[in-house]
Each structure stands twice: as structure tokens, then as C-alpha cells.
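Letter by letter, the chains look like this.
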Number of protein chains: 2
Amino acid sequence: MSQKPSIPKGTRDFLPEVSLRRAYIFDTIRTVFEKYGYAPIETPSMENLSVLTGKYGEEGDRLIFKILNNGDFLKKAKHLGDPQKLAYEICDRALRYDLTVPFARFVVMHQHELAFPFKRYQIQPVWRADRPQRGRYREFFQCDADAVGSDSLLFEAEFICMYDEVLSQLGLKDFSVRISNRKVLSGFAEAAGCQDHFTDMCVAIDKLDKIGAEKVISEMEGRGISPDSARKVMELIGFEGTNEEKIAFLRKEFATAPTGQQGLDELEEVFETLTYFSVKQAKVPFDLQLARGLDYYTGTIMEVVTHEIQMGSIGGGGRYDDLTGLFGLKGLPGVGISFGADRIYVVLEELGLFPEIGGTKTKVLLINFGEGTHEASLKALAALREAGVPAERYPGTDKLKKQFGYADKKGIPYTLIIGTEEVNNGVYQLKHMKTGTQHGYALHEVVAELMEGQS
Amino acid sequence: MSQKPSIPKGTRDFLPEVSLRRAYIFDTIRTVFEKYGYAPIETPSMENLSVLTGKYGEEGDRLIFKILNNGDFLKKAKHLGDPQKLAYEICDRALRYDLTVPFARFVVMHQHELAFPFKRYQIQPVWRADRPQRGRYREFFQCDADAVGSDSLLFEAEFICMYDEVLSQLGLKDFSVRISNRKVLSGFAEAAGCQDHFTDMCVAIDKLDKIGAEKVISEMEGRGISPDSARKVMELIGFEGTNEEKIAFLRKEFATAPTGQQGLDELEEVFETLTYFSVKQAKVPFDLQLARGLDYYTGTIMEVVTHEIQMGSIGGGGRYDDLTGLFGLKGLPGVGISFGADRIYVVLEELGLFPEIGGTKTKVLLINFGEGTHEASLKALAALREAGVPAERYPGTDKLKKQFGYADKKGIPYTLIIGTEEVNNGVYQLKHMKTGTQHGYALHEVVAELMEGQS
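Figured I'd write up the structure that's included with this text. (Residues numbered from 1 in each chain as written. Chains lettered and ligands numbered in written order. Predicted model: local features only at pLDDT ≥ 70, side-chain atom pairs only at ≥ 80, totals over all residues. Heavy atoms only, no water.)

1. Considerations on the sheet that holds strand β14 (residues 428-432) of chain A
All names here are of chain A.
Phase 1: Pairing within the open sheet is mixed, and its 5 strands lie in the order β12-β11-β13-β14-β15. Edge positions in the sheet fall to β12 (391-393) and β15 (438-441), since each has one partner strand and no second. When strand polarity is set aside, the average angle formed by the axes of neighbouring strands in this sheet is 25°.
Phase 2: Sheet analysis places strand β11 (residues 364-367) next to strand β13 (residues 414-417), joined by 4 bridges and oriented parallel. Its bridge partner being in β13, L366 is matched across the sheet by L416.
Phase 3: Across the sheet, helix α14 (residues 374-386) is in contact with β11, β12, β13 and β14; its angle to β12 comes to roughly 165°. (Pairing = 2+ DSSP bridges. Helix = DSSP H or I, 4+ residues; strand = E, 2+ residues; numbered from the N terminus. Axes fitted to C-alpha atoms, helices over the stretch in contact; angles between N-to-C directions. Contact = heavy atoms within 4.5 Å.)

2. Digging into the relation of the copies chain B and chain A
A rotation about some axis, followed by a shift along it, carries one copy of the chain onto the other.
Phase 1: Overlaying chain B with chain A gives an RMSD of 0.0 Å, the required rotation being 180° about an axis along which the chain moves by 0.0 Å. The transformation relating the two chain copies, once decomposed into turn and shift, fits a two-fold axis. Looking at the rotation axis and the C-alpha trace of chain B, the residue lying nearest is B:I67, at 2.2 Å.
Phase 2: Mapped onto chain A, 100% of the interface residues of chain B again fall at the interface, so both copies present the same surface. (Least-squares fit on C-alpha atoms with pLDDT ≥ 70 in both.)

3. With respect to the packing of aromatic side chains
Residues and elements named next belong to chain A.
Phase 1: Enumeration according to the criterion identifies 30 aromatic pairs over all chains in this entry.
Phase 2: Arranged with centres 5.4 Å apart and planes meeting at 65°, the rings of Y296 and Y297 form a pair that is edge-to-face.
Phase 3: For Y296, a relative accessible area of 29% puts it in the partly exposed group.
Phase 4: The structure contains a cluster of three or more aromatic residues connected by ring pairs, namely F33, Y121, Y163 and F339.
Phase 5: Directly above the aromatic system of Y97 lies the positively charged group of R128, at a separation of 4.2 Å from the ring centroid. (Phe/Tyr/Trp six-rings, centres within 6.5 Å; stacked < 30°, edge-to-face > 60°. Buried < 20%, exposed > 50% of the residue type's maximum accessible area, 1.4 Å probe, protein only. Lys NZ or Arg CZ within 6 Å of the ring centre and 35° of its normal.)

4. Focus on the interface of chain B and chain A
Phase 1: Listed per partner, the contact involves 109 residues of chain B and 109 residues of chain A.
Phase 2: Around 8,600 Å² of area is buried between chain B and chain A when both sides are counted, 61% of it from carbon and sulfur atoms.
Phase 3: Contact with chain A buries surface across chain B, with B:E42, B:Y276 and B:R385 losing the most and accounting together for 8% of the total.
Phase 4: Remark: the boundary between chain B and chain A carries 12 salt bridges. (Buried area = accessible area lost by both parts, 1.4 Å probe. Salt bridge = Lys/Arg side-chain N within 4 Å of Asp/Glu carboxyl O.)

Right under this line is the structure:
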């Protein structure tokens with residue numbers, strides 16, 4: 001009774017080549033996180049459902065994957081006709097929906113074990129029951145770094161450097177870390193006289209890229225912002241110039257907007273700190289049109305885009321006043337960023353920026369010539385590995401064509417030929433698969449040759 | 001409305017120090033896997049429930065974490081009174097229970113994209129609704145390597161070397177890779193005249209360590225094996241001697257046991273191949289009492305134990321004839337091993353074998369002296385990072401005691417003191433936190449000093 005197997009919609013298998021490329025991205029991010037003093041933590045895949053419920057809005061609650069209780073899960077069930085209520089009676093746990101809420105829960109539970117400001121990174125999968133579509137999956141990795149317990153703007157400047165380092169190392173040349181500040185957005189509302197509709201204004205501005213200026217104005221008006229105010233907001237965010245010119249322009253416009261002025265102070269401090277660091281590739285424009293959807297942010301906001309290819313943001317983050325209040329620990333501010341690893345993968349692939357990784361780390365395949373060559377071949381294999389060279393021997397005595405085909409298909413760069421003749425004269429043939437060139441070497445020369453360029 | 005948060009029973013948070021130690025174990029295993037030609041794959045955390053059901057026995061099925069369908073999951077529900085049946089109506093997906101069944105599913109689905117023999121490793125979490133107890137968790141990582149599509153015994157010999165390399169690198173000195181072969185066990189049954197009760201015999205032998213010889217005999221008799229046969233089996237597995245003596249002894253005893261002879265042939269081939277490799281620390285005893293619970297295995301079986309501390313097996317594996325038959329792909333043999341990472345963690349911890357990892361990779365903390373020192377301090381920070389030295393600056397101007405305390409608590413080995421005086425004379429004080437010694441250096445000397453020993 002066999003079955004034709006499949007995997008759940010919105011999930012993925014990763015074959016070696018893709019898995020190694022993903023590891024290359026994660027390793028690059030991890031190394032930069034650690035260089036800036038961020039340390040890894042891990043939280044369980046499943047959280048108590050009560051920890052997650054109500055943190056992501058009504059829509060979010062629906063998209064949480066809930067785990068059925070084991071054993072007689074119906075024992076406590078009262079709402080057998082109502083799936084919405086029943087779900088909460090028969091499921092105590094759920095898969096994490098993001099890394100932020102579990103991190104907040106972690107900080108509260110372990111507050112007495114942590115050194116503050118606590119700088120953590122976390123690279124783990126999350127799950128969302130979203131409708132799958134191109135580039136949107138039900139299981140995907142998030143790569144987050146946060147610094148909590150400090151309001152120093154040093155972190156903001158460092159995060160920009162971290163984006164710059166990671167993306168430069170991955171080979172991107174033309175990208176921007178767009179930056180603004182929620183207090184500057186407050187300033188817009190103050191200056192335009194629509195402070196009461198601050199969130200409405202942000203939501204509308206956030207759509208500018210997608211729907212254009214006219215519709216943003218209608219959206220604001222539809223949400224109760226006066227036409228005058230709406231026009232003023234559009235005028236402010238439409239100003240073009242250098243970062244300095246934008247700040248100078250807003251300094252004047254914010255004459256009666258103290259929160260806006262504070263936002264500009266913070267931005268200037270970040271820009272000043274950046275002058276001491278060497279930003280390699282990133283442009284860092286003060287983006288008056290940046291809003292970021294989340295209510296959550298209270299200070300700096302940033303968003304990363306590449307200009308080399310059409311793609312949404314490949315990273316983003318911001319500062320928040322209160323990470324852990326929901327779990328009873330008040331007054332813990334912080335700032336965090338996230339890398340969109342799946343999108344970065346697509347960018348590197350489409351731009352041809354992945355280094356030659358192939359589907360294996362194996363450097364050389366020892367061709368198997370069977371009887372009479374085993375001893376020499378196995379000793380060579382041992383010598384190569386002893387020297388740290390990833391090596392395999394083809395396990396059977398299949399036809400040579402098949403053996404070389406195996407090296408090709410796996411992307412193994414070299415093959416080593418040790419047939420009867422080679423055993424007799426002690427000269428082994430090392431073949432470079434791509435060029436087809438072949439040279440005779442003594443074993444120690446083969447080892448030396450293959451150790452070169454071995455990281 | 002705050003809530004005191006907690007995590008589900010049997011799951012764990014990992015703080016930085018533990019997370020870094022876990023990474024150290026995984027990285028060691030990964031590097032050895034890759035050196036021997038194994039390539040990583042990843043499969044989704046959730047599989048279709050039908051892929052998992054029936055693969056782990058009745059008990060296993062109960063321990064699978066099922067994921068509630070989203071939306072109106074009651075639509076198709078017919079068995080509202082029967083939790084056992086209802087679970088399968090309202091859950092289409094479940095969390096993977098091990099890495100083997102998903103791997104089999106993967107090989108079948110991707111058979112035309114893979115180069116055979118396919119050598120994969122997989123380091124991913126699995127979930128089991130087992131009753132949590134000391135050392136047993138509901139979420140834990142498995143680290144598996146398998147070679148499928150070949151019956152070459154080279155792989156067995158290599159797996160022994162891989163255990164040897166990983167555990168030696170981790171600092172273990174006294175451990176064994178016990179080895180036997182299911183065909184040798186068949187030989188016991190043949191020689192003792194209880195072939196009809198082969199599985200019963202294996203199940204009983206598997207308990208020898210726990211319940212002792214007398215009870216194993218009763219167990220065999222209780223399972224329908226004659227007292228004579230049971231005694232004969234115990235006599236055979238009780239033989240003591242070197243590997244050669246054991247093989248010679250069984251060669252005679254297996255006079256009329258052809259399968260047993262074949263098992264001995266295979267064992268001898270593995271031992272012979274091993275003579276060409278350099279096994280560093282592992283003892284490799286032919287263990288006549290090794291049975292391994294799983295029906296699944298058909299050839300070589302192995303199990304790894306350390307003698308330095310009381311602990312169950314820290315690894316194991318074996319050869320199987322048919323990985324993928326259940327999913328419709330017949331005749332694909334293979335062999336695989338697994339590392340018990342959680343147990344290895346405990347072993348390293350109790351033996352004090354972890355290298356000094358601490359809770360961070362940061363090498364130096366720049367003490368913050370505030371006003372007048374920012375520029376020098378930030379430039380030093382940038383120079384250190386530019387040179388690849390993981391470095392942080394304390395973000396606020398808290399009291400020095402607090403700043404040094406932060407370095408201590410995080411385990412940062414050095415602090416760098418750049419106060420007004422240091423700015424003026426250009427000599428910075430580098431303090432080694434453990435010894436308390438402190439020296440004055442120019443910036444480029446600080447960088448050079450900290451780059452040393454930087455991997």
C-alpha cells in the first residue's frame with residue numbers, strides 16, 4: 001500500500017544546493033550580528049496559545065497555526081458547533097507567528113539572568129497560515145536582532161552599518177537604508193493640524209508607493225482628515241533635497257511641532273554617529289515618505305531596498321518604547337531590525353551573486369577502479385581527510401562514465417584517478433572537472449594541491 | 001492586563017551561552033559530515049499527517065503533534081464524540097516526529113533531481129508529545145546522516161570514522177562505537193533453532209543491559225522461545241574475547257547458519273576497511289549483545305557510548321534494505337547514523353569539556369566616558385570592527401562599575417578605556433578582565449593585540 005507523497009501547501013523542501021546557499025546567507029548575517037555584539041538565543045517552536053493570542057490583531061489570530069492537544073482533547077470542549085471558540089478549547093499551544101512576541105516573553109521570563117542592554121539575535125522559522133503565493137510561504141525564517149533596555153541611538157547607527165556590511169558582503173552594490181522617525185511623522189501631523197488622526201495619516205502614507213498621491217489624499221480624507229490638512233501632509237512629504245536640506249526645511253515647518261523637532265534631533269544624532277563609521281555601499285536617505293505599518297514603533301524607523309532589481313523591502317526595523325509591557329515588565333525600550341532572507345535569496349539568485357557553492361562541500365571524488373586498487377585508494381582518501389580536504393570515494397565499481405557523471409551532478413570540482421597503473425607507478429591523476437585538464441602527482445602533492453584555497 | 005508568561009511543558013528557551021555551546025556541537029558535527037561528502041537538506045517542520053501516520057507504531061501515532069486546520073475545521077468533522085477519529089478529520093498536517101520518514105518522503109519526491117548514492121545530512125528539530133522527563137524533551141534536534149542507493153560497506157567504516165572525529169574533536173577520550181549486524185543476530189536464531197521468533201529474540205536481547213540475563217531468558221521463554229533455544233542464544237551472546245576471537249567462535253557456531261556467516265563477512269569487511277583509516281580514540285568492539293530495537297535495520301547496526309560518564313547511547317544507526325518502499329520506491333537500500341546532541345551536551349558539560357565560549361562572541365567592550373570622548377571611542381570601535389574584531393561600546397554613560405559589570409556578566413574578555421586623558425595622549429588602556437592586568441596602547445596596537453588569536 002504505497003502512497004504518492006506530497007508536502008503541505010506553502011512549505012518547501014530544500015535540496016543541497018539551495019540549503020547551502022541559504023546557509024551562506026544565514027552565516028553572513030550571523031557573523032555580522034556577532035561582530036556587533038549580538039548573541040544568539042533560541043525559543044521553542046511552540047508557545048502557549050495565550051502568549052500569542054491578541055498580539056497580532058484579529059487577522060493575525062486567525063493565521064496562527066494551532067496545535068491540537070494530545071489525548072482526550074474533547075474533555076473540556078464546550079463549543080462543539082463553533083470552530084472559532086472550539087479551537088481555543090482544544091488547543092493550548094501554537095506555532096510561533098514571529099520572533100518578536102516570543103522574544104518579549106523570553107525577556108520577561110529571564111530578566112534576572114540577562115545583562116542589560118540585552119543584545120540578542122535570533123534566526124529561526126516562523127509559521128503563518130497565510131494564503132501561499134509567489135514568495136510568500138507558510139514556513140519561513142526570520143533573522144532578527146534587537147537591543148533592549150537602552151534608548152541610545154548608537155544602536156540605530158550600528159544597525160545601518162550592519163545592513164551595509166551584510167548586503168555588501170553578499171555582493172549588492174546599489175541599495176538604500178531608508179530612515180525616518182515616527183516623531184517626524186508626528187511632526188507632520190502637528191504641522192498639518194491632524195494630530196488626532198495620526199495613525200490614519202501613517203496608514204495612508206504607507207500606501208503611497210502602491211496607490212499614488214491622489215489616492216493617498218482621498219484615503220486621508222476618507223479617514224476624517226480635512227482636505228487642507230491632507231494637502232499639507234502631502235506637501236511636507238513631497239519635499240525633495242539632500243538629507244541636510246530636508247532637515248533644514250522641516251526645522252522651519254516644525255516651528256510649533258516640538259515632537260517633530262525631537263524626531264529631527266534624533267535623526268541628526270544618528271547621521272552624526274554614522275560619520276565615524278565607514279558605510280561601504282549603502283545610501284542612507286532621510287525618507288519623508290517612510291511610515292512603516294506597525295503601531296508598535298515610536299522612534300527611528302528604517303527600511304532596506306535594493307535598486308538593482310524590482311523587489312519589496314529586504315529588511316526593516318525600528319525603535320519601540322515598550323517591548324514587554326504586555327507581559328508585565330514596563331518601561332523597557334529597544335530597537336530592532338530584521339533581514340528578509342527569502343527575498344535576499346531571490347535577489348542574489350536573479351543577480352547571479354551567489355559564489356560557486358554547488359550541491360556539496362566535497363572537493364574531490366576518488367574514482368573506484370575496484371580490485372587491486374582499494375588499499376591505495378582508501379589510504380589516499382584517509383590522507384586527504386586527515387589534511388582537512390572534504391573528499392569522497394565512489395562506493396561501487398560502476399562504469400567510469402557513471403562515476404564521473406556523479407561528480408558532475410553533485411558539482412564536485414576534482415576527481416582523482418587511482419587505477420592499477422597509477423598504483424604501480426605511484427603517480428595519481430588529478431582531473432579538474434570543469435576544464436578537463438589532468439595532471440599526475442604523488443599522493444602528498446595531490447593533498448597539497450587540494451589543500452590550497454581550502455578555507 | 002498583563003499575564004505572567006510561561007512556555008509549554010517539555011520545551012526550552014536557550015540563553016546565549018547555551019545557544020553558543022549548542023552551535024559549537026552542531027558546527028562540529030556539520031563540518032565532519034561535510035568532510036565525508038554529506039550535503040545538507042531541509043524539510044518542512046510540518047508534513048501531511050498521512051505521510052507520518054502508521055510509520056511509528058500505534059504509540060508513535062499518539063505522540064505526533066497534530067496541527068489544527070485553519071478556518072472552519074469542523075466542516076468535514078463527523079466524529080464529534082470520538083477524539084481519536086476526530087483528530088484525523090480536523091488535522092491535515094502534523095509536526096515531524098523524526099527525520100527519517102520525511103527523508104524517505106523527500107527522496108521519493110525528488111528522486112529525479114538527486115545524484116545517487118545520495119549522501120545527505122539533516123540537522124533539524126523534531127517534536128514528540130512524550131511525557132517530559134529529565135533529558136527528554138518535546139522539541140529536540142536530531143542530527144542524521146544517511147547514504148542511500150548503495151550497499152557498499154565503505155559507508156559503515158566511514159560512519160565509524162565520523163563518530164571518532166566528532167567525539168574526539170569535542171574532547172571525549174574514552175568511548176566505543178559498538179558494532180554488530182542484524183544478520184549475525186539471524187545467525188544466533190538459526191544456530192539456536194528459533195528463527196521463527198527472530199524479532200522476539202532481538203527485543204529480549206535489547207533489554208539485557210536493563211534487566212539482566214535471567215530476565216532476558218524468561219522474556220524469551222514468555223515469547224514462545226524454547227528453554228533450550230533461549231539458553232543457546234545466551235551462551236552465544238555471552239562469549240567474550242577480541243573481535244577476531246568472536247568472529248572465529250561464531251564462524252564455527254554458524255556451521256549451518258548461512259545468514260549468520262554473511263553477517264560475519266560484512267563485519268570483517270568493515271573492520272578491514274577501517275585498517276586503512278586512522279581511528280583516533282574510538283574503540284570499535286564487535287558487540288554480540290547489541291540488538292537495536294528497530295525492525296527497520298537489516299545489516300550493520302551500531303551504537304555509541306562514552307565510558308567517562310554514566311549515560312545512555314549518544315549515537316547510533318544501521319543499514320536498511322528499504323528506505324522508501326512505503327512511498328512506492330522499492331529497492332533503495334541505505335545506511336545512516338544519528339548523533340544525540342542533547343546527551344552529548346550533557347556529557348561535555350559534566351566533563352567540563354566545553355571550550356571557553358561564554359555568552360557572547362564580543363572580544364572587547366569600549367567603556368563609555370561620555371562628553372569629549374565620543375569621537376575617539378566611535379572611531380576605535382569602527383577600526384576594531386573593520387579589522388574583524390567583534391566589539392561593542394557600552395551605550396550609556398552609566399557608572400564605571402555598572403559598565404565593567406556588564407562586560408563581566410556577558411563574559412567579554414577585554415575592556416578598552418578611552419577617557420579624556422586617553423584621548424589627549426592617544427594611549428588607550430586595554431584591560432584583560434580575568435586577570436585585571438591593564439596596558440596602554442596606541443589604537444593600531446590595540447587592534448593588532450585583539451586580532452591575535454581571532455579566528
